[in-house]
Amino acid sequence: MTWNLVCDSSSDLTSAQLVPGKLTLTVVPLTLLVGDREFRDDARLDVDELLHHMSAASGPSSTACPSPAAFAEAFESADCSLCFTISGNLSGTYAAAVTARDMVLEQHPEKKIFVLDSKSTAGALVLLIRKARALLEEGLEDFEALCRRLQEYQASLRTVFTLENFDNLVKNGRMKPLLGSLLHTLGVHVVAEGTREGTIKMVGKARGERSTLRALLSYLQTNKDCHQAEVVISHCNNLDGAQKLKEMIQKALPVKSVSTLACRGLTSFYAMEKGLIVVF
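Summarised in this report is the structure supplied together with it. As the structure is a prediction and not an experimental result, all values here were calculated from the model. (Residues numbered from 1 in each chain as written. Predicted model: local features only at pLDDT ≥ 70, side-chain atom pairs only at ≥ 80, totals over all residues. Heavy atoms only, no water.)

1. A closer look at the overall build of the protein chain
Keep this limit in mind: Think of it this way: any DSSP run of H or I at least four residues long counts as a helix, any run of E at least two long counts as a strand, and we number them from the N terminus. Only protein chains enter the accessibility calculation, which uses a 1.4 Å probe; a residue whose area is less than 20% of its type maximum is buried, one above 50% is exposed, and one in between is partly exposed. Throughout, a residue-residue contact means that at least one pair of heavy atoms, one from each residue, lies within 4.5 Å. The accessible surface values rely on the Shrake-Rupley method and a 1.4 Å probe; as for residues, cover is taken only from the protein chains in view. Only four residue types enter the tally: Lys and Arg on the positive side, Asp and Glu on the negative side, with His and both chain ends excluded. Each charge is placed at NZ for Lys, CZ for Arg, CG for Asp and CD for Glu.
Broken down by element type, the protein chain carries ten helices and 14 strands. Each of the three principal axes of the protein chain carries a C-alpha extent, and together these read 60 × 45 × 30 Å. Among the 280 residues that make up the protein chain, the fraction classed as buried is 50%. Across the protein chain, the fraction of contacts at a sequence separation of at least 24, relative to all contacts at a separation of at least 6, is 70%. Summed over all atoms, the accessible surface of the protein chain reaches about 13000 Å², with 50% contributed by carbon and sulfur. Positive and negative charge centroids in the protein chain, built from 30 and 32 side chains respectively, lie 8 Å apart.

2. Observations concerning the packing of aromatic side chains
Short version of the rule: Here the aromatic set is Phe, Tyr and Trp, taking the six-membered ring for Trp, and pairing holds for ring centres within 6.5 Å; pairs whose planes are under 30 degrees apart are stacked, those over 60 apart are edge-to-face, and all others are tilted.
Per the stated rule, a full pass over the model turns up four aromatic pairs. Where Tyr219 meets Phe280, the ring centres are 6.2 Å apart and the plane angle is 90 degrees; that geometry is what we call edge-to-face. Placement of Tyr219 in helix α8 (residues 209–223) and of Phe280 in the segment after β14 (276–279) is noted, with a sequence separation of 61 residues between them. For the pair Tyr219 and Phe280, one class covers both residues: buried.

3. Remarks on the sheet that holds strand β5 (residues 37–40)
Worth spelling out the cut-off: Pairing between two strands requires that DSSP report at least two bridges joining them. An axis is simply a line fitted to the C-alpha atoms; with a helix, the fit covers only the stretch in contact. Between two such axes, the angle follows the N-to-C directions and lies from 0 to 180 degrees.
With antiparallel pairing, three strands are arranged side by side in an open sheet as β5-β4-β6. Among the strands making up the open sheet, the edge pair consists of β5 and β6 (61–64). Averaged over all adjacent pairs, the angle separating strand axes in this sheet is 20 degrees, with direction ignored. Direction of pairing for strand β4 (residues 31–34) relative to β6: antiparallel, over a ladder of four bridges. Looking at the pairing, Thr31 lines up with Ala64 of β6. Where helix α1 (residues 47–56) meets the sheet, it contacts β4 and β5, and its direction lies at approximately 150 degrees from that of β5.

4. Quick notes on the side chain of Lys111
Heads up, the condition is: Think of a salt bridge as a Lys or Arg side-chain nitrogen and an Asp or Glu carboxyl oxygen that are within 4 Å of each other.
Looking at the secondary structure, you find Lys111 in the loop between α3 (93–107) and β8 (112–117). For Lys111, which is buried and forms no salt bridge, the nearest opposite charge comes from Asp79, at a distance of 4.8 Å. The residues contacting Lys111, other than those within four sequence positions of it, are Phe75, Glu76, Ala78, Asp79, Val104 and Leu105.

5. Some thoughts on the pairing of strand β11 (residues 200–207)
Where strand β10 (residues 188–194) and β11 come together, seven bridges link them in antiparallel fashion. Looking at the pairing, Ala192 lines up with Met202 of β11.

Next up, the structure:
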């Protein structure tokens, strides 16, 4: 029996053959629209070029979710598929994957396909992929039981992130220009969380890097029992900040692991320069 772990490119991962002949990771790319340029969020994307064009563009930028056909191609390639997507409240990607599942099952009713809304992005998809692989390696191949375990795990995940560049929010009409300029001038970083419904809620502001990292650590300490938790820190051109936060987390909390991952296209589009996204 062959298995395909499928996610969209907000995971910051790239497609890979995990276990030859049995287990594959397929990453379905979104598209980023910046001015008159179109950027496909795949392994060939130059993130620095994307950020440069976003900074130079005077008007709003946008994203386009993958087509159902792109997900269908992934689902058709294996006997069983487990698919994880960016929050359905932030993108049409989840809906496209569900449509693809229904299309494929109509033609191939023998296949097993599960689509799970991560209610988040970035590290949430990474952790769900890791969990699915671990459960399969433990020998759990009962499809319904596997899906239940993944749903339970998704519900336990938490997301917090910080921004210090607000250009994209201003250009897309989500923040007033004067406020964005003032926050940037004062060195203020917005700290926000991903809600359990898959939306975004601002939880505070911090001034300067040290205060911002302390605010992120405080969120981890107060919002979940982190004993043996896995933590993923995604960063947009901010490896130094990610490493500092990693060290703080490892020193203060009894976590199982902390890993850092560079943002690719979709997460860079939202996090912007120096942004950090933490999922645990």
